[in-house]
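Read off the chains here:
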Amino acid sequence: MTTTLDRPTTTAPARTRSTALFVGLALALVVLAVASAGIGQLHVAPSEVVGSILHRIGLDWGPSPAHPNGDAALWAIRFPRVVMAALVGAALATGGALMQGVFGNPLADPGVVGVSSGAAVGACTVIVLGLAFAGPWTVATMAFVGGLLTTILVYLTARENGRTEVVTLVLTGVAVNAVAGAALALLTFLGDTQAREQIVFWQLGSLNGTRWPYVAVVAPIVLLGIGGAVAVARRLDLLALGERSARHLGVDVERLRVVCLVLVALLTAGAVAFCGIIAFVGLVVPHLIRMAVGPGHRVLIPASALGGAVLLLAADLVARTAVPYADLPIGMLTALVGGPFFFWLIRRTRRSAGGWA
Amino acid sequence: MSAVLAAHGVHVRFGQARILDGVDVAVAAGELVALVGPNGAGKSTLLSVLSGDTAPDEGRVELDAADVRAMRLDELARRRAVLLQENRLSFPFPVQDVVRMGRAPWRGTAREDADDEVVARSLETADVSHLAARRFPTLSGGEKARTSFARTLAQEPGVLLLDEPTAALDIRHQEALLDEARRWARAGASVVVVLHDLTLAAAYADRVVVLDSGRVRGDGRPTDVLTGELLTDVYRYPIEVIRRPGVDELVVLPVRTAALLETR
């Protein structure tokens, strides 16, 4: 196959808008990452954060952290957490955009639909039973299995004649979340005190205690997921025409579906494995991006990944600093903002579609 | 003339119901064929079988002597386009992006270079250029149908399958659409159009195929097939076919007084 340059698909203003969006999000990501790494009980100035990174990669520019423990704090605690926040945010937002594309429904989201809970059950099983068959990858593997099974279940039950009604989707989510909740309750009951505590905090969602080895597991999963999502973006645009019309344009709909469901499970597993359930990012971010630059998936998916990373970095900064000497659960924060947003989204969808279309 | 698209002995059953019962239809290059018949006659199913969506229980459909069910989807998409009755869109893409989706099969080929030109021409032909920047969900039913037609044209197919393309259109756009379909046929394409308006079918089709209860009841030139006798029988309603005075044009009309007498 010959490689061809990407041809302009929309009008010039729309392209300018998406370029501006990418530049803005990338800048926000860098600024937030540097600021977030510096802020905390041990304060490190942004210039020192940058300096520390440059020194590590062998460039003798900029000041080193003035505090004797500054460098250690940055590299052992702050940086892994910042990287993890960006990865998890990107995974959640991309997973949301992907799921909405496959279901043809802007309200689909791994959290709402119950895929996150499914992945959580898989991960908790590992915690309670003390499994370690795949070393550091065990939790992620089981989260992936749990997430994949739930994705398939939701997909099979919520679709009718190639489309998904909002009501069916949300009700399926209620049912799946109920079953997953029961499984989590059982696991909590079976576990010892330490496992219980771990499960409870994990369900609230937190980036506290992130270490490099965790990042090393999550990063390849998430990058693979985002890469896959970008690769199917063009076909997701065609899928918006409906399954038959997409097929008439040469899309193997069956295969596209399977690939997307696996990618959703992969991204959700990557996000959930170490950081627990962080809801609504996958719902809020793609929606805002669509409002800004339209629904084309070739822009939507990478922009959602960036936007999710920015959002979760900001949320984690608030979680760490809002209350002195306390690390608030980040899942609680995102739900606090995302819940009302979901209400608004439902109302808007009802109005614009003239019912539960 | 040899057939480009041909259905041979096609049977389709949904459970006990026989939707298509041994249908043979062939369409040659340069030919516009109208598919007519009452509700439930199997028109849409036949179109679905011809497009390769539905696998027939018996029989087969051949496109240039190759089985459509065995062809690669992208290969098929470069040769035939389908316009469905219902055209929804899950996300609010602008009209020009929707039409550009029709170019997807040509991605990675030399013909990709013509994308911009073809999209602009298709928008123009379907009379939706002025709506190019509008979002699809904000359009009226007829404007949506025309946008979808433009998308189908942008695919530049050799075989064009249209399922009731005129249902949502006003008279001017009905005529314009079928005129364009016939122009495609004259340029060498094979066109199949499902129609309910028999006068339209008579005016534009080279050949009319009358379906009833999954069987072909008539297949030939409009003047030969569209007779009061056959249509009255097929539609179970008195129908008269007249020639418009002075011009060589068929007009198909329901005979309401006869229907009234019958029910009495």
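What counts, and at which threshold
Residues numbered from 1 in each chain as written. Chains lettered and ligands numbered in written order. Predicted model: local features only at pLDDT ≥ 70, side-chain atom pairs only at ≥ 80, totals over all residues. Heavy atoms only, no water. Helix = DSSP H or I, 4+ residues; strand = E, 2+ residues; numbered from the N terminus. Rg over C-alpha atoms; globule rule 2.2 N^0.38 Å. Buried < 20%, exposed > 50% of the residue type's maximum accessible area, 1.4 Å probe, protein only. Contact = heavy atoms within 4.5 Å. Buried area = accessible area lost by both parts, 1.4 Å probe. Salt bridge = Lys/Arg side-chain N within 4 Å of Asp/Glu carboxyl O. Polar contact = N/O pair within 3.5 Å; in protein donor to acceptor, adjacent residues only side chain to side chain. Nonpolar A, V, L, I, M, F, W, Y, C, P; charged D, E, K, R; others polar. Pairing = 2+ DSSP bridges. Phe/Tyr/Trp six-rings, centres within 6.5 Å; stacked < 30°, edge-to-face > 60°. Lys NZ or Arg CZ within 6 Å of the ring centre and 35° of its normal.

Draft legend 1. Broad picture of the overall build of chain A. Of regular secondary structure, chain A possesses 14 helices and zero strands. Listed by position from the N terminus, the elements making up chain A come as α-α-α-α-α-α-α-α-α-α-α-α-α-α. For chain A, whose C-alpha radius of gyration is 21 Å, the value lies close to the compact-globule estimate of 21 Å for 357 residues. The dimensions of chain A, computed from C-alpha atoms along their principal axes, are 65 × 55 × 40 Å. Within the span of chain A, comprising 357 residues, buried residues form 51% of the whole.

Draft legend 2. Quick peek at the side chain of Thr150(A). Residues and elements named next belong to chain A. Structurally, the position occupied by Thr 150 is in helix 6 (residues 138-158). Relative accessible area serves as the criterion here: at 9%, Thr 150 is assigned to the buried category. Setting aside chain neighbours within four positions, we find Thr 150 in contact with Gly 114, Val 115, Gly 118, Ala 119 and Val 176.

Draft legend 3. Looking closely at the interface of chain B and chain A. The interface of chain B with chain A comprises 34 residues on the first partner and 33 residues on the second. Taken together, the two surfaces of chain B and chain A that pack against each other cover about 2900 Å², and 55% of this comes from carbon and sulfur. By the criterion of area lost to chain A, the three top residues of chain B are Leu73(B), Arg88(B) and Phe91(B), representing 24% of everything that side buries. Between Asp53(B) and Arg247(A) there is a salt bridge, with its nearest N and O atoms 3.1 Å apart. Our count for the contact surface shared by chain B and chain A stands at seven residue pairs in polar contact (both at pLDDT 80 or more). Of all elements in the fold, only helix 1 (43-51), helix 2 (73-77), strand 6 (80-83), helix 3 (95-101) and helix 4 (115-125) of chain B reach the threshold of two or more residues within the side of chain B that touches chain A. Among the elements that make up the side of chain B that touches chain A, the one with the highest residue count is helix 3 of chain B (five residues). Residue classes in the side of chain B that touches chain A are distributed as twelve nonpolar, eight polar and 14 charged.

Draft legend 4. Representation of the sheet that holds strand 1 (residues 3-14) of chain B in the model. Residue and element names in this part refer to chain B. Strand order in the open sheet formed by four strands is 2-1-4-5, and the pairing between neighbours is antiparallel. The open sheet has two edge strands with one neighbour each: strand 2 (17-28) and strand 5 (66-67). When strand 4 (residues 58-63) meets strand 5, the two strands line up antiparallel, connected through two bridges. Paired with Glu 62 across the strands is Asp 67, a residue of strand 5.

Draft legend 5. Local environment of the packing of aromatic side chains. Residues and elements named next belong to chain A. The tally for this structure, following the rule as stated, stands at five aromatic pairs over all chains. Ring geometry for Trp 75 versus Phe 79: centroids 4.7 Å apart, planes at 85°, classification edge-to-face. Of this pair, Trp 75 and Phe 79 both sit in helix 3 (residues 70-103), four residues apart, which is roughly one turn of the helix. Phe 79 matches Trp 75 in its accessibility class, with the two residues each being buried. Arranged with centres 4.6 Å apart and planes meeting at 5°, the rings of Tyr 214 and Phe 274 form a pair that is stacked. Taken together, the residues Tyr 214 in helix 9 (residues 212-239) and Phe 274 in helix 11 (residues 253-275) connect sequence positions 60 residues apart. Here the basic side chain of Arg 56 rests over the ring of Trp 75, its NZ or CZ set 4.3 Å away from the ring centre.

Just distances and angles here, no functional claims.
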